[in-house]
Amino acid sequence: TGKELVARALHEQSPRANKPLVVVDCGALAPGVVASELFGHDRGAFTGAERTHVGAFERADGGTLFLDEIGELPPELQPQLLGALERRRFRRVGGRADISVDVRIVSATNRDLRAEVNAGTFRLDLYYRLGVVEVRIPPLRERPDDVPILAQAFLRRHAEGRAVRFTPAAIERLQRCRWEGNARELENLIERALALVDGPEIGPEDLPI
């Protein structure tokens, strides 16, 4: 749906725009490295920690930390994140000194966090701490007018200099699709179409939908 783009827009239109925007995909990290990625670790904190690692909170100091797929954060790390948000300070893994930061948190998820709270898999206090302002990004199927803009952007990204364009009928067909996989599904489809088309146009017959 473009969650990271929305986070980037919020950052760039804020007074923090000249400070870092740091992105952490909580769903892409192994559970054992999430704490280190968020808070960093000191040298010798664990086997293999041969040097100090500066975590995302420190790197985002003064700016914005975007926590994508926050619903995937392991339950055992949720109290640590809540503590860092409440106190605005934390310790690196294996560290002894508190580190203070000034960070705006933007988080996103495709999960129903209220349902996760009811199921006992997401902390209620963390849910309320993160949900000060909520922004719902509608799925792509509810934004058909965005499809041509995104499709053209993905075409430019993957055409590799080829002069290729969509026919009006192809755009119309793209707008009628439900896009259960949202923007990623649209991008993947355009990549496949480009791999199969030799001519200068992509028509509806070239779209595997």
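Everything numeric here is computed off the predicted structure, so don't read it as measured data. Residues take numbers from 1 onward in each chain, read along the sequence in its written order. In keeping with the model being predicted, local features are shown solely for residues with a pLDDT of at least 70 and side-chain atom pairs are shown and tallied solely at 80 or more, while totals for entire chains, interfaces and linings include all residues. Hydrogen atoms and water are omitted, and side-chain values are computed over all heavy atoms in the structure.

1. Observations concerning the pattern of salt bridges
Step number 1: What counts as a salt bridge is simple: a side-chain nitrogen of Lys or Arg found within 4 Å of a carboxyl oxygen of Asp or Glu. Counted according to the given criterion, the structure contains 19 salt bridges.
Step number 2: With a shortest N-O distance of 3.8 Å, Glu-86 and Arg-129 are connected by a salt bridge. Taken together, the positions of Glu-86 in helix H4 (residues 78–87) and Arg-129 in helix H6 (residues 124–130) put the pair 43 residues apart, joining distant regions of the chain.
Step number 3: Residue class for Arg-129 comes out partly exposed when judged on its relative accessible area of 30%.
Step number 4: One salt bridge in this structure joins Arg-157 and Glu-187, with 2.9 Å as the shortest N-O distance. Taken together, the residues span a long stretch of sequence, with Arg-157 in helix H7 (residues 146–158) and Glu-187 in helix H9 (residues 182–196) at a distance of 30 residues.
Step number 5: Relative accessibility decides the category of a residue: with a 1.4 Å probe and only protein chains considered, values under 20% of the type maximum give buried, values over 50% give exposed, and everything between is partly exposed. Classification of Arg-157 as exposed rests on a relative accessible area of 57%.
Step number 6: Classification of Glu-187 as buried rests on a relative accessible area of 16%.
Step number 7: One network of salt bridges, with partners in common, ties together Asp-42, Glu-58 and Arg-92. Helix numbering and strand numbering both begin at the N terminus, where a helix is a DSSP run of H or I of at least 4 residues and a strand a DSSP run of E of at least 2.

2. A word on the packing of H7 against helix H8 (residues 168–176)
Step number 1: It is at 9 Å that the axes of H7 and H8 come closest, and there the two elements cross at 115°. As H7 packs across H8, the resulting crossing turns out to be right-handed. Across the interface between the two elements, Val-147, Pro-148, Ala-151 and Gln-152 from H7 touch Ile-171, Leu-174 and Gln-175 from H8.
Step number 2: When the residues that make up the contact of H7 with H8 are grouped by side-chain class, the tally is 5 nonpolar, 2 polar and no charged. Axes here mean lines fitted to C-alpha atoms, for a helix over just the part in contact, with angles spanning 0 to 180 degrees between N-to-C directions. Helix crossings fall into two classes, left-handed where the near helix is turned counterclockwise from the far one by less than a right angle and right-handed where it is turned clockwise. Here, two residues are considered to be in contact whenever any of their heavy atoms come within 4.5 Å of each other. All residues other than Ala, Val, Leu, Ile, Met, Phe, Trp, Tyr, Cys, Pro, Asp, Glu, Lys and Arg, Gly among them, are scored as polar; the first ten of these are nonpolar and the last four charged.

3. What to know about the sheet that holds strand S5 (residues 104–107)
Step number 1: The sheet built from 3 strands is open, its strands ordered S1-S2-S5 with parallel pairing. A single partner strand is all that each edge strand has here, and the edge strands are strand S1 (21–25) and S5. Adjacent strand axes in the sheet meet at a mean angle of 20° when their direction is disregarded.
Step number 2: Relative to strand S2 (residues 64–68), S1 is paired through 5 bridges, and the arrangement is parallel. Residue pairing across strands places Val-23 opposite Phe-66, the latter belonging to S2. At least two DSSP bridges between two strands are required for those strands to pair.

4. Some thoughts on the packing of H7 against H9
Step number 1: As a packed pair, H7 and H9 sit with axes 9 Å apart at the nearest point and diverge in direction by 50°. Considered as vectors, H7 and H9 are oriented oblique to each other. For the crossing formed where H7 meets H9, the hand is right-handed. Residues Val-147, Leu-150, Ala-151, Phe-154, Leu-155, Arg-157 and His-158 of H7 pack against Ala-183, Leu-186, Glu-187, Ile-190, Glu-191 and Leu-194 of H9. Roughly parallel refers to an angle under 35 degrees, roughly antiparallel to one over 145, roughly perpendicular to one between 65 and 115, and oblique to any angle outside these ranges.

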